[in-house]
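Secondary and tertiary structure notes
Here's the letter readout for the chains.
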Amino acid sequence: MYSGGDDFIIRHYDVAAGQVVHSYDNAHTDYIKSIKALENNHILTGSYDGIVKLFDFRVHEKAQLEFVHEEQIESMDLYPSKLNFIVGGGNKVSIWDIRTGKSLFEGRNNKKVVTNVKLISQGSRYITTSLDNYLKVFKSDSYEMTYQ
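1. With respect to the overall build of the protein
If you tally the helices and strands in the protein, you get zero helices and 15 strands. Computed over C-alpha atoms, the radius of gyration of the protein comes to 15 Å, within 12% of the 15 Å expected from 2.2 N^0.38 for 148 residues, which places it in the range of a compact globule. By its C-alpha atoms, the protein is 45 × 30 × 30 Å across when sized along the principal axes. When burial is assessed residue by residue, the protein has 43% of its 148 residues classed as buried. For the protein, contacts bridging at least 24 residues in sequence account for 30% of all contacts bridging at least 6.

Here is the structure:
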């Protein structure tokens, strides 16, 4: 199990033993708001510092990759392939390729803070919710809004 929060620390727990196996102090420079596990020992973390970081808990030094969203990150989700991920924060949504570290899409389709992003329909669509009181559905391949 992994945790992160307002202390900027990411912790990896052995639940059966009831103890912390490893931690990264100052993993981010602001509150950690989202964690997604990729595979054993690999996690993505999103923070109010506007950066998503990829950590490999087998290498106990620092983040392996950083993805700059440029807005306070509220939510993330992984595509079923676990090769791409979506980030929501500020009024922006961005989609990233983990293998290349490059942005595939950036969009500002909400007037206020995007509070949640979620992939649905086996990753063919994604939903955003926002403080502007809209829930919007988009196609994952064309990024076209289909419903709101």
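2. Considering the environment of tyrosine 126
Its place among the elements puts tyrosine 126 in strand E13 (residues 125-130). A relative accessible area of 1% means that tyrosine 126 is categorised as buried. Along the backbone, tyrosine 126 and isoleucine 86 are 40 residues apart, and their C-alpha atoms lie at a distance of 8.7 Å. Sequence-distant contacts of tyrosine 126, defined by excluding residues within four places in its chain, comprise Ile86, Val93, Ile95, Phe105, Lys118, Leu119, Lys136, Val137, Phe138, Lys139, Ser140 and Tyr143.

3. Let's talk about the pairing of strand E5 (residues 42-47)
Residues in a regular strand project their side chains so that they alternate between the two faces of the sheet. In terms of burial, E5 is largely enclosed, as six of its six residues are buried. Side chains of E5 alternate between two faces, with His42, Leu44 and Gly46 and Ile43, Thr45 and Ser47 buried alike. Note that strand E4 (residues 32-39) and E5 share six bridges and pair antiparallel. Within E5, the residue paired with glutamate 39 across the bridge is histidine 42. Hairpin connection from E4 to E5: two residues lie between these consecutive antiparallel strands, with asparagine 41 at a positive phi of about 75°. Hairpin geometry of E5 and strand E6 (residues 51-56) is characterised by an intervening segment of three residues between the two adjacent antiparallel strands and by a positive phi of about 85° at glycine 50.

Procedures and definitions
Residues numbered from 1 in each chain as written. Predicted model: local features only at pLDDT ≥ 70, side-chain atom pairs only at ≥ 80, totals over all residues. Heavy atoms only, no water. Helix = DSSP H or I, 4+ residues; strand = E, 2+ residues; numbered from the N terminus. Rg over C-alpha atoms; globule rule 2.2 N^0.38 Å. Buried < 20%, exposed > 50% of the residue type's maximum accessible area, 1.4 Å probe, protein only. Contact = heavy atoms within 4.5 Å. Pairing = 2+ DSSP bridges.

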